[in-house]
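# Commentary on secondary and tertiary structure
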Amino acid sequence: MRISRFAAATATIAASALVLSACAAPQSEVVEGSSITVAWNQPFYSYNSNTSFGNATANANIVYLTSGGFNYYNNVPELVKDESFGTYELVSEDPLTVQYTIADDVQWSDGTPVDAADMLLAWAANSGVLNTPDFDPGEFTDPETGEFTDDYPTDVVYFDGAIGAGLQLVTETPEIDGKTITLVYDEFFVDWELVFGVGLPAHVVAQRALGIEDAQEAKDALVAAIQENDAAALAPISASWNSDWNFTELPAEEDANLLVVNGPYQITDFVADQSITLTANENYRGANLPNVEEITIRFISDPLAAVQALANGEVDIISPQATADVADALAALDGVTVLGGEEAVYEHFDLTFENSKNGTFDNPLLREAFLKTIPRQQIVDTLIKPLNPEAEVRNSQLFLPGAPGYEETVANNGMAEKFGEVDIEGAKALIAEAGVTDPKVCILYAANNPRRVNEFALIQASATEAGFVVEDCGSPEWGGLLGTPGAYDAVFFGWQSTSLGVTNSSSTFRTGGINNLNYYSNPEVDALLDELDVTLDPERQIEIQLEIDKLLMDDFYGVTIFQFPAVTAFSDRVTNVDPGPLSPTIFWNAWDWEPTESN
């Protein structure tokens, strides 16, 4: 699931004050020869989860385990500063000025120091400031795979980063000095603490893009290219950053530098569509030293197959999509701890406004008609209530059920009022008014996910009754196709929340935002998001989100369906598994996992 076309990531959760903590994990020692196996429901396919192609939870999990950062969320959730990686300081509020400094001994797994060059690349890639104006990457995106095509222009500067997530407000090239970078924002940005971190290694990007062998020379060349806005050098640098880190098996020896990381673990094995193995990074110098030497993540899309693998001792930890069958199967297992609850993930159905396969939803009458056919209550009753009898249909794009503002937006935005019940006759009338016969709708979803297959069947049957011709565009590779021009007309999947930031919705609903997968654009929404970015008053923040929520429904953007029921299960071969509600859920404290004597 996309996090954060993300990246980030990404999804929306109700606003909440950030709780800061300077605590760090205690020093630990790797248990030699220890290993833990985890099941995940989607294969890893890109190490750069900050691109529109790579922005998926399956990728972000691996990036998290292999990367250091200035902060992360624990399972409270509260924001924890990791000063063993680096520190940041709010130098000024007007203009907003933030200084980041990497700790002295932080290094990449190949021994190269992490420094300001890496941070300068992160700014260039995720601000979009240096991108060639008016370039449309959609013209060079393969609708079958979601990746850039072979005829992608070589003279264009285009970083496909997390644009719209805050760094676009840093339009002046930041000053750097050794291991320090200073970001000066054009406007105050309320979630400034959540938008910056080190991504790919600058020296490797420059080595691959510019053909420079020496790491320091490569970094110097990259810094010069950014500071001088040298398009000739930035074009191959951006192309490398966008695409080189997309791989679905262990890279060949000549591409081994794609595996250079700076976190507690590093990728040491990767079998296509089967598993990826991470081993403790000997060059990691941070506080979050792992206990377990090796973590293998097996790709098991079928939830019941994941339960069976746990029962057979083939995996130690699972976090599958919860179904009634999964709950029953887990209840029958001995030596297994099962944790339930509700995740910060919600299912949503979006209509594509431009660049769709059939162009059906260019017409607002057809958008409204199709939303009238989606059997949201039936989906919840059939697929979710067996797990959570209290489950309800979610009726907001921005607010978490039960959070401040939710009840008010449900009464105001029109989602429950207009689309609370299936209205086939109303849909037929709108189709007739549109003057269209047998409108086609190609729906993208995860075809290897049993719950999504069942959802599609319910939606297809209902929409067909109203006169739509629903095409099954489900695919096991659905994640890489999100946002791809011409690939589909509508899509349903889950947004995974990555933070408690109030501005999370910005990159999803803003024109051109990195999470704007359906090409939605409304100047009023953009203006409100601009205001939200700089608003500190909690009451006004809620008011703005109420306005946005209603505008989205007035445009027939799509509908939300349900909040995910959560289930995590782990065997008695491992301890300290304590999942959090935000991404990366079960993995947030993987360095604390410990094998037991029975492992």
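Details of the structure are given in the entry above.
Right, let's walk through the structure included here.

What counts and how
Residues numbered from 1 in each chain as written. Predicted model: local features only at pLDDT ≥ 70, side-chain atom pairs only at ≥ 80, totals over all residues. Heavy atoms only, no water. Helix = DSSP H or I, 4+ residues; strand = E, 2+ residues; numbered from the N terminus. Rg over C-alpha atoms; globule rule 2.2 N^0.38 Å. Buried < 20%, exposed > 50% of the residue type's maximum accessible area, 1.4 Å probe, protein only. Areas by Shrake-Rupley, 256 points an atom, 1.4 Å probe, with all protein chains shown as cover. Lys, Arg positive; Asp, Glu negative; His and termini not counted. Charge placed at Lys NZ, Arg CZ, Asp CG, Glu CD. Axes fitted to C-alpha atoms, helices over the stretch in contact; angles between N-to-C directions. Left-handed = near helix turned anticlockwise from the far one by under 90°. Contact = heavy atoms within 4.5 Å. Nonpolar A, V, L, I, M, F, W, Y, C, P; charged D, E, K, R; others polar. Phe/Tyr/Trp six-rings, centres within 6.5 Å; stacked < 30°, edge-to-face > 60°. Core = buried A, V, L, I, M, F, W, Y, C linked by side-chain atoms within 4.5 Å. Salt bridge = Lys/Arg side-chain N within 4 Å of Asp/Glu carboxyl O. Pairing = 2+ DSSP bridges.

### Overview of the overall build of the chain
- A tally of regular secondary structure across the chain gives 17 helices and 21 strands.
- Here the C-alpha radius of gyration of the chain, 23 Å, is about what a compact globule of 599 residues would show, namely 25 Å.
- With the principal axes as the frame, the chain shows a C-alpha extent of 65 × 60 × 50 Å.
- A burial count over the chain gives 60% of its 599 residues as buried.
- When the accessible area of the chain is evaluated, it comes to approximately 22,100 Å², of which 46% is carbon and sulfur surface.
- Distance between charge centroids for the chain: 7 Å, based on 23 positive and 93 negative side chains.

### Examining the packing of helix H4 (residues 215-227) against helix H5 (residues 231-243)
- Contact geometry of H4 with H5 gives a least axis separation of 9 Å together with a crossing angle of 115°. Viewed along their axes, H4 and H5 form a crossing whose handedness is left-handed. The segment H4 lies against H5, with Leu222, Ala225 and Ile226 engaging Ala233, Leu234 and Ile237.
- Taken together, the residues that form the contact of H4 with H5 break down as 6 nonpolar, no polar and no charged.

### With respect to the packing of aromatic side chains
- According to the stated counting rule, one finds 35 aromatic pairs in the structure shown.
- Considering the side-chain rings of Phe349 and Phe370, the 5.7 Å spacing of their centres and the 25° angle between planes classify their relative orientation as stacked. With a gap of 21 residues between them, Phe349 in strand E14 (residues 342-351) and Phe370 in helix H8 (residues 364-373) connect regions that are remote in the sequence. The same class applies to Phe349 as to Phe370, namely buried.

### Thoughts on the nonpolar core
- Among the nonpolar cores identified, the biggest contains 93 residues, and Tyr100, Tyr185, Phe196, Ile297 and Trp593 are the most heavily contacted of them.
- Beyond its immediate sequence surroundings of up to four residues, Ile297 is in contact with Val38, Trp40, Ile62, Leu65, Gln274, Ser275, Ile276 and Phe587.
- By size, the runner-up hydrophobic cluster in this structure holds 40 residues, among which are Phe349, Phe370, Val393 and Phe564.

### Quick word on the side chain of Asp526
- Position of Asp526 among the secondary structure elements: in helix H16 (residues 523-534).
- Although Asp526 lies buried, it forms no salt bridge, and the closest oppositely charged side chain, Arg510, sits 5.2 Å away as judged by the N-O distance.
- Residues within four places of Asp526 in sequence aside, it is in contact with Phe509, Arg510 and Thr511.

### Examining the pattern of salt bridges
- Counted under the stated rule, the structure contains 17 salt bridges.
- Close ionic contact of Glu543 with Arg540 constitutes a salt bridge, the shortest N to O distance being 3.2 Å. Within this pair, Glu543 and its partner Arg540 are both found in helix H17 (residues 538-554), separated by 3 residues, close to a single helical turn.
- Across the salt bridge formed by Asp554 and Lys550, the nearest N and O atoms sit 3.2 Å from each other. With Asp554 and Lys550 both in helix H17, this residue pair falls 4 residues apart, about one helical turn.

### Focus on the sheet that holds strand E8 (residues 180-184)
- In space, the 4 strands of this open sheet follow the order E5-E6-E8-E7, with antiparallel pairing throughout. With partners counted over all chains shown, the strands left at the sheet margins are strand E5 (86-93) and strand E7 (175-177), one partner each. Direction aside, the axes of adjacent strands within the sheet are offset by 15° on average.
- Taken together, the 5 bridges between strand E6 (residues 96-102) and E8 define a ladder with antiparallel strand orientation. Its bridge partner being in E8, Thr101 is matched across the sheet by Thr180.
- Lying over the sheet, helix H2 (residues 116-127) contacts E6, E7 and E8, oriented at roughly 25° with respect to E8.

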